[in-house]
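# Chain and residue survey
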Amino acid sequence: MRPLPKARWFGGASLGAAFLMANSSIGPGFLTQTTVFTQQLLTSFGFVILVSVVLDVGAQLNTWRILTVSELRAQDLANGLLPGLGYFLAAMVILGGFAFNIGNIAGCGLGLNVLTGMSFEQGALISCGVALVLFWVREIGKMLDGFTKILGTVKILLTLIIAFSAHPPVLQALHHTLLPVQISAASIVTIVGGTVGGYITFSGAHRLLDAGIKGPDQQGVVTRSAISGIVISTIMRFVLFLAIVGVLSQGAVLDKDNPAASVFRSAAGEVGFRIFGVILWSAAISSVVGAAYTSVSFFKTFHPVFARYERLCISVFIVLSTAIFVLVGKPTQLLVFAGFINGLILPIALAIVLIAATNPRLMRGYRHPRWMLAAGWVVVVVMGGLSVPLLVEQVGGLLR
């Protein structure tokens, strides 16, 4: 079999898939979540990052390897396991992806507001135009690979500058990463859900399938790509964590309305505030692109017309997200509902994938390693056990 040129590690679709997954997980919510939980746990938040990395590896390695070996997208694998199950999975992912994309568009508006002073709505409309141009000017796969690599690198480098300016207590942070003073189940669920929950679980694997990187002979590339995606998002989260800890250790009080922005302003003044605008817009626009691409990939195999007009479907997805934000504002209840779906979709989706991995018909004779299956089921049990009680609690709070 002729080797696939796109499977080269230091370039092409494999690294692009890693950056697509990482950028999808580093959206506007990522900045706020990391800031809020670091405020609560201080240096012990490092332990949450460590736990999330372990759970992420168990979820992503299984998902990426099983989908690429079966050569089926998640919805088709689920339908092959049980007719109709794929439609249920697709509905959850698309609904969650659409709701979160409204928040991503809002983040774009806020980022351009910080940089230029224009209104949130104007910033959202301009960002919508940028996203549409990106999908229409080039072949989708090549655009995703190049765009996500550039923005991912920019975000990490700029945040690293702020971390150095904040002078964080690195040794104490490392110590409490291994031996935390306090632990929060809610932070673990939120961070893991934000890293590999919802559509993010499948973004990289679906990109590899679109690029033709599939089958048992490509598993080395798939594994390296999955791990690298996790490493990229972890580096960004840990660097941001150090910046926040550094600012807090110097006695800074963060703005309750925009805590992430106040971290950057406290560390580097107005320059830091502008850097925050660049990072926020980069995080938001890359998440808009990732959410739209992956969400559409969940229904484009249901009928040939969706695959034929993939660009148009992606464009409608982005335009509708923008229209809702501009006309209605940030729909808090919709975003909360999407958060519930995102918290539950990881254990549900991963359980479906793991069960399918034991089906010889779907796996083309491939035997998935038992230790990997066991690691995947640990993630399902842990995330399910943590998510359900928190979900019940939050739903109860909304009903009261």
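Right, let's walk through the structure included here. (Residues numbered from 1 in each chain as written. Predicted model: local features only at pLDDT ≥ 70, side-chain atom pairs only at ≥ 80, totals over all residues. Heavy atoms only, no water.)

### Observations regarding the overall build of the chain
- Helix and strand counts for the chain stand at 17 helices and zero strands.
- Residues classed as buried in the chain amount to 58% of the 400 residues present.
- For the chain, the proportion of contacts with a sequence separation of at least 24, taken over those separated by at least 6, is 84%.
- As displayed, the chain has an accessible area near 16100 Å², and 69% of this comes from carbon and sulfur atoms. (Helix = DSSP H or I, 4+ residues; strand = E, 2+ residues; numbered from the N terminus. Buried < 20%, exposed > 50% of the residue type's maximum accessible area, 1.4 Å probe, protein only. Contact = heavy atoms within 4.5 Å. Areas by Shrake-Rupley, 256 points an atom, 1.4 Å probe, with all protein chains shown as cover.)

### Considering empty space enclosed by the protein
- A full pass over the atoms with the stated rule returns two cavities of 30 Å³ or more.
- Forming the boundary of the second largest cavity are Ile49, Ser52, Val53, Asp56, Thr195, Ser233, Thr234 and Arg237.
- Among the secondary structure elements, those contributing two or more residues to the lining of the second largest cavity are helix 3 (45–70) and helix 11 (219–249).
- When residues of the lining of the second largest cavity are assigned to their parent elements, the largest contribution, four residues, is made by helix 3.
- Broken down by class, the residue content of the lining of the second largest cavity amounts to two nonpolar, four polar and two charged. (1 Å grid on protein atoms, 1.4 Å probe; cavity = no way out; pocket = protein on both sides within 12 Å on 5 of 7 lines; lining within 4 Å. Points joined across faces, edges and corners; volume = space filled by probe spheres on them. Nonpolar A, V, L, I, M, F, W, Y, C, P; charged D, E, K, R; others polar.)

### Brief notes about the environment of His176
- Of note, His176 is situated in helix 8 (residues 170–178).
- It is 9.3 Å that separates the C-alpha atoms of His176 and Leu42, two residues lying 134 residues apart in sequence.
- Those residues in contact with His176, other than ones at most four positions away along the chain, are Thr43, Ser44, Phe47 and Val181.

### As for unusual backbone geometry
- The phi dihedral of Leu42 falls on the positive side, at around 55 degrees, and the residue is not glycine.
- By the secondary structure assignment, Leu42 is in the loop between helix 2 (28–41) and helix 3.
- In this structure Leu42 comes out as partly exposed when scored by relative accessible area, which is 42%.
- The phi dihedral of Glu71 falls on the positive side, at around 60 degrees, and the residue is not glycine.
- Summarising the element assignment, Glu71 is placed in the loop between helix 3 and helix 4 (74–81).

### A word on the packing of helix 2 against helix 9 (residues 185–196)
- It is at 11 Å that the axes of helix 2 and helix 9 come closest, and there the two elements cross at 160 degrees. Comparing their axes, helix 9 and helix 2 come out roughly antiparallel. The two elements helix 2 and helix 9 meet at a crossing, and its hand is left-handed. Across the interface between the two elements, Gln33, Phe37 and Leu41 from helix 2 touch Ala186, Ser187, Thr190 and Ile191 from helix 9. (Axes fitted to C-alpha atoms, helices over the stretch in contact; angles between N-to-C directions. Parallel < 35°, antiparallel > 145°, perpendicular 65-115°, else oblique. Left-handed = near helix turned anticlockwise from the far one by under 90°.)

### Considering helix 10 (residues 200–210)
- With respect to burial, helix 10 is a largely interior element, ten of its eleven residues being buried.
- For helix 10, the set of buried residues is Ile200, Thr201, Phe202, Ser203, Gly204, Ala205, His206, Arg207, Leu208 and Leu209.
- Among the residues trailing helix 10, Gly212 stands out with phi positive, at a value near 85 degrees.

### With respect to the pattern of salt bridges
- A complete count under the given rule lists four salt bridges for this structure.
- As a salt-bridge pair, Arg73 and Asp210 come within 2.1 Å of each other at their nearest N and O atoms. Note that Arg73 is positioned in the loop between helix 3 and helix 4 and Asp210 in helix 10, a separation of 137 residues in sequence.
- Close ionic contact of Glu310 with Lys300 constitutes a salt bridge, the shortest N to O distance being 3.0 Å. (Salt bridge = Lys/Arg side-chain N within 4 Å of Asp/Glu carboxyl O.)

Remember that the coordinates give geometry; whether it matters functionally is a separate question.
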